[in-house]
Amino acid sequence: MRLFAAVVPPAPAVDELAAEVAQLRAALPERGHGRLRWTEPPLWHFTLAFLGEVDETLLPELDERLSRAAHRHPVHELRFDGGGRFGDRVLWVGATGSVATLGALARSTVAGARRAGVHLERVKPFRPHLTLARTTGHVDLRPYAQELADFHGRKWWVERLELVRSHLPASGVPGERPRYETVAAWPLGTRRAG
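Treat the numbers as computed from the prediction; the structure is a model and nothing was measured.

Looking at the overall build of the chain
Point 1. Secondary structure assignment for the chain yields four helices and nine strands.
Point 2. Reading the chain from its N terminus to its C terminus gives the helix and strand order β-α-β-β-α-β-β-α-β-α-β-β-β.
Point 3. Relative to the 2.2 N^0.38 estimate, which gives 16 Å for 194 residues, the radius of gyration of the chain is 17 Å and therefore close to what a compact globule would have.
Point 4. Its C-alpha atoms put the chain at 45 × 45 × 25 Å along the principal axes.
Point 5. Across the 194 residues that make up the chain, the buried fraction comes to 42%.
Point 6. Accessible area for the chain stands at about 10,400 Å²; split by element, carbon and sulfur atoms hold 48% of it.

Now the structure itself:
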């Protein structure tokens, strides 16, 4: 099973960001020798740990370890905030709020997965971002990132950690997207007041 651990934003925050992205796409027609492959709002998430291919026999131990990781961290506040790019390959929106808590949750998730026996090849330092688009060919992402720089979304609460299975496209049809399925989810440890 191809798995990753993630935080999935709630529908009102996704809807607000989707409206911003729609305005961005209308204002900046694609330029360059490639194109942008926009991610769909139902697939939006913050990846905390990419686990890769995981043997199903590890799932019970992974469930236990990720449950513990989630319980150690409180419910916390985030907002979508600003945007950026990884070179001219990926356009993303960032986050503000309790990003230190989100980073600690990401580190606990990685540690829990390793203790469960998941082999993680490369673990990059956690940088909270939600991928909006990837490029094929060359597309100058600077104007898109600049347009997103002033975006400040509504407050929302991170309340659970999710284990997500990625079903890669198998049809060979160009442009087909992966399908995500939540395999398990765990509430974070401390409930917010009010």
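Side note on the pattern of salt bridges
Point 1. A full pass over the atoms with the stated rule returns seven salt bridges.
Point 2. Here Arg85 ties to Asp88 by a salt bridge, and the two come within 3.2 Å at their closest N and O atoms.
Point 3. When the shortest N-O distance is used, the salt bridge between Arg160 and Glu162 registers 2.9 Å.
Point 4. Taking relative accessible area as the criterion, Arg160 reaches 41% and is therefore assigned partly exposed.

Describing the sheet that holds strand β8 (residues 160-167)
Point 1. The sheet built from four strands is open, its strands ordered β3-β1-β8-β9 with antiparallel pairing. Each edge of the sheet is formed by a strand with only one pairing partner; in this case those strands are β3 (46-53) and β9 (179-187). Across this sheet, the average inter-strand angle for adjacent strands is 20 degrees, counted without regard to direction.
Point 2. Contacts from helix α2 (residues 59-71) reach β1 (2-7), β3, β8 and β9, with the element oriented near 60 degrees to β9.
Point 3. The strands that helix α3 (residues 99-115) touches are β1, β3 and β8; relative to β3, the one it contacts most, it runs at about 15 degrees.

A look at the environment of Val75
Point 1. Locating Val75 in the fold gives a position in the loop between α2 and β4 (76-86).
Point 2. Overall, Val75 belongs to the buried group, its relative accessible area being 9%.
Point 3. Once the C-alpha coordinates of Val75 and Leu102 are considered, the two residues, 27 residues apart in sequence, prove to be 9.5 Å apart.

As for α2
Note that an α-helix has 3.6 residues per turn; residues three or four places apart therefore point the same way.
Point 1. The terminal C-alpha atoms of α2, which comprises 13 residues, lie 18 Å apart, in line with the 18 Å expected from a rise of 1.5 Å per residue.
Point 2. Turning to α2, its buried residues number three or more, namely Leu59, Leu62, Leu66, Ala69 and Ala70. The buried residues of α2 occupy one face: seen down the axis, they fall within an arc of 95 degrees. Facing away from the buried side of α2 by over 90 degrees, the exposed positions are Pro60 and His71.
Point 3. Elements in contact with the buried residues of α2: β1, β3, α3, β8 and β9.

Examining the side chain of His167
Point 1. On the secondary structure map, His167 appears in strand β8.
Point 2. A polar contact of 2.7 Å, which involves the side chain of His167, links it to the side chain of Glu181.
Point 3. Apart from residues lying up to four places away in sequence, His167 is in contact with Pro178, Arg179 and Glu181.

Details of the environment of Ala106
Point 1. Inspection of the secondary structure puts Ala106 in helix α3.
Point 2. The spatial distance from the C-alpha of Ala106 to the C-alpha of Leu130 is 14 Å, given a sequence separation of 24 residues.
Point 3. For Ala106, the contacting residues outside a window of four places in its chain are Leu48 and Phe126.

Some words on the packing of aromatic side chains
Point 1. Per the stated rule, a full pass over the model turns up six aromatic pairs.
Point 2. On the basis of an interplanar angle of 20 degrees and a centroid distance of 6.0 Å, the ring pair of Phe46 and Phe80 is categorised as stacked. One end of the pair, Phe46, is in strand β3; the other, Phe80, is in strand β4, with 34 residues separating them in the sequence. Assigned by exposure class, Phe46 and Phe80 land together as buried.
Point 3. For the ring pair Phe46 and Trp156, a centre distance of 6.2 Å and an interplane angle of 25 degrees mean the geometry is stacked. Of this pair, Phe46 sits in strand β3 while Trp156 sits in strand β7 (residues 152-158), placing them 110 residues apart in sequence.
Point 4. On the accessibility criterion, Phe46 (0% relative accessible area) is buried.
Point 5. Taking relative accessible area as the criterion, Trp156 reaches 3% and is therefore assigned buried.
Point 6. The rings of Phe46, Phe80 and Trp156 are connected pair by pair, giving a single aromatic cluster.

Analysis parameters
Residues numbered from 1 in each chain as written. Predicted model: local features only at pLDDT ≥ 70, side-chain atom pairs only at ≥ 80, totals over all residues. Heavy atoms only, no water. Helix = DSSP H or I, 4+ residues; strand = E, 2+ residues; numbered from the N terminus. Rg over C-alpha atoms; globule rule 2.2 N^0.38 Å. Buried < 20%, exposed > 50% of the residue type's maximum accessible area, 1.4 Å probe, protein only. Areas by Shrake-Rupley, 256 points an atom, 1.4 Å probe, with all protein chains shown as cover. Salt bridge = Lys/Arg side-chain N within 4 Å of Asp/Glu carboxyl O. Pairing = 2+ DSSP bridges. Axes fitted to C-alpha atoms, helices over the stretch in contact; angles between N-to-C directions. Contact = heavy atoms within 4.5 Å. Expected span 1.5 Å × (residues − 1). Arc of directions from axis to C-beta. Polar contact = N/O pair within 3.5 Å; in protein donor to acceptor, adjacent residues only side chain to side chain. Phe/Tyr/Trp six-rings, centres within 6.5 Å; stacked < 30°, edge-to-face > 60°.

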